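Inside the fold
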Amino acid sequence: MELFDGQGRKVSLGNELGRGGEGTAFDVLLPGANLAAKLYHGPVSKEKQEKLRAMVARSDDRLKAIAAWPLETLHLTRQGPTIGFVMPKAVNAEPLHHLYGPGHRKQQFPDADWAFLVNAARNVAAAFAVLHASGCVVGDVNPNLVFVGRNTVTRLIDCDSFQFSSGNRVFGCEVGVPLFTPPELQGLSSMRDAMRTVNHDRFGLSLLIFHLLLMGRHPFFGVYSGREDMPPERAIKEFRYAFSSPAGSQGMRPPPNTVGPEILPPSMVAMFELAFSKAGVQSNARPTAMQWVTALDGLKNQLRTCSTDSVHKYYAGIGACPWCQLESRTGFVCFINMLAGSPGPGSSSFDLARAWSNILAIASPGTAAAPSFVRPKNLKAKALPAEMRRAQTWRQLRPWIAVAVSVAGIAAAQQYAVLFLVLSSLCFIWGNGAAPERIQRKAALDLANKVSAAAWSQWASAATDKSFQDNLEELKQTRREYEELGQRLAQDKQRLHSNAREIQLRNYLERFFISDHDIPGIGPTRKAMLESFGVESAADVSWNRVRSIKGFGERLTGELVAWRKSLEARFVFDPNKGIAPADLATLQQRYAQLRRQLEGALAAGPSQLTQSKNKLEQQRGYLREMVLNADLQVAQAEEDYRVVK
């Protein structure tokens, strides 16, 4: 096909590169030039033609480096209306969601690690910075807007939809993706009259960076605490950031089995909070593109390589590798190490015999002899109160007075009998004035006995070396696991061959992404929701997994399961096909990680046993003193009670 550019020169078009709702892209046949052309499906409005001419006039090297910016208009005849334009071509590049989605990344970027994602995010922010510096606003920010190359170089496409100013005239952006539309623009029936701002773009940019750094998760997709459904558009409008701190403060919690902003530097956590909160709107102060560039450059300089798996890169400011933790918790491999070596016990410089000898060199603390309490000979009872001493005197005189009263009662006249009865009662009352003190001292003795029993119970637990032996037994189990690694790996490799049909089926289903297919009732919003809950491809679809996501009832779950089954029906097993390199690499990577974990545990064994021994001996010293003191308190309480019995 031959066309003419705005300067009247012939332009020859080659193969079709892609087709969208508005137009089709073609290769431009010009040797040495990486150019493409976009031809619109229908007539181009006068306003759109003027916008394209103005964008061509604004073109410069910086814009051409980061965007598919219009370079020349295209015409059927030299004087005819504009039907398209020429633009730089994104060579060896894929849409951004093919990088941040784990399933797509396995297919399109199998060698990409987190450092690659961080650098790609940095380049996306840099592209936005150039665009904003030129006076343009993207408006319709979405993942399909950005293409990323194998070297993390990014390019913005669909530039003809950008909001663009020329002189006093503003050519608006009339479209928008709801899931990337900022809260203040949510709910508008049309974007035709909406004046976009750089602060609106910053919301979408922050979303793209969030997707890249956190495994394709959407910050407003989560588990809502309310009873009703929470559509993501409403969550965005109500600032219900699912990963906000403190957790659940916006009535939302992250989806299960995710990593969140906690794996990032605190400054970047704060930037996401500002980007997705009311403060970012009210103060017009969402993080700028250049602020993101600076933050991501800083993160690049603080990346650490995991000691367990070299393909794992993470922020050095956190304590442990988040990817190892996620893989251990879920079994999902975040990044594939195609160069993972043999994970057998003899495949490293680790010396098991020496490590075990070092472990056995730590002697057990043994069983401790029970503390021996010697009752003090000079133990004295607590002094009695005055009323107690009077009561003791009365108690000594009471028998004699009682006899005297009884004799007198017999001898005396009948009229004195009442007086004698009163005197007898007083003797009994005064003689029992010690009752409250005796009760108190008995209670003190009972308490002392209980404290002593508890102390001796703790001593009985610490007197043995059970905790030390338990730790040693764990290390023995670790050694057995390490020695069996080679055998277990061989068995799992054999299972790969034995389960060849299931593996081929899984790999086949992994090629069918939900985002690329029309499934009844599953629109863009629900597709994005599924992706945020880790359901990307047909291989991820199961009844229980989909049904557990809020908003997916039996009907929608049934549609997805039926779609998967329809794909399964087209699958043809090839018995002559070997195990895919990625499957073998994933298996070896898992075992290599396990081997390194076991080696680390065995190497740390002597230190662990020493700590256990020292802790037990310290505990025994404390408990020995506690037991002897408790027995002394019992002896004192017995002496105190003895004098009032």
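The structure under discussion appears in the preceding block.
Presented here is a report on the structure given in the accompanying data block. (Residues numbered from 1 in each chain as written. Predicted model: local features only at pLDDT ≥ 70, side-chain atom pairs only at ≥ 80, totals over all residues. Heavy atoms only, no water.)

1. A word on the packing of helix H6 (residues 198-213) against helix H10 (residues 289-300)
At a closest axis distance of 11 Å, the pairing of H6 and H10 adopts a crossing angle of 20°. Taken together, the axis directions place H6 and H10 in an arrangement best described as roughly parallel. Relative to H10, H6 is oriented so that their crossing is right-handed. Only Ala289, Trp292 and Leu296 of H10 make contact with H6, whose side of the interface consists of Leu205, Ser206, Ile209 and Leu213. Of the residues in the contact of H6 with H10, the class split is six nonpolar, one polar and no charged. (Axes fitted to C-alpha atoms, helices over the stretch in contact; angles between N-to-C directions. Helix = DSSP H or I, 4+ residues; strand = E, 2+ residues; numbered from the N terminus. Parallel < 35°, antiparallel > 145°, perpendicular 65-115°, else oblique. Left-handed = near helix turned anticlockwise from the far one by under 90°. Contact = heavy atoms within 4.5 Å. Nonpolar A, V, L, I, M, F, W, Y, C, P; charged D, E, K, R; others polar.)

2. Looking at the nonpolar core
In terms of nonpolar packing, the biggest core is built from 106 residues, with Trp114, Phe128, Leu213 and Trp323 touching the most fellow members. If you tally residues by element for this core, the top one is helix H5 (residues 114-133), at 14 residues. When neighbours within four sequence positions are excluded, Phe128 is seen to be in contact with Val138, Val141, Leu145, Leu156, Asp201, Leu205, Leu208 and Ala289. Membership of the second largest hydrophobic core comes to 16 residues, among which are Ile359, Phe468, Tyr591 and Leu602. (Core = buried A, V, L, I, M, F, W, Y, C linked by side-chain atoms within 4.5 Å. Buried < 20%, exposed > 50% of the residue type's maximum accessible area, 1.4 Å probe, protein only.)

3. Topic: the packing of aromatic side chains
As enumerated under the stated definition, the model contains 20 aromatic pairs in all. Plain terms: the ring middles of Phe203 and Phe220 are 6.1 Å apart, the flat faces sit at 35° to each other, and that makes the pair tilted. Linking Phe203 in helix H6 with Phe220 in the loop between H6 and strand E12 (223-224), this pair joins segments that are 17 residues apart in sequence. Judged by its relative accessible area of 0%, Phe203 is buried. With relative accessibility at 1%, the residue Phe220 sits in the buried group. Look at Phe210 and Tyr241: their rings are 6.2 Å apart centre to centre, the planes differ by 75°, and that puts the pair in the edge-to-face class. With Phe210 in helix H6 and Tyr241 in the loop between helix H7 (232-237) and strand E13 (252-253), the pair connects residues that are 31 residues apart, well separated along the chain. Just as Phe210 is buried, Tyr241 falls in that class too. (Phe/Tyr/Trp six-rings, centres within 6.5 Å; stacked < 30°, edge-to-face > 60°.)

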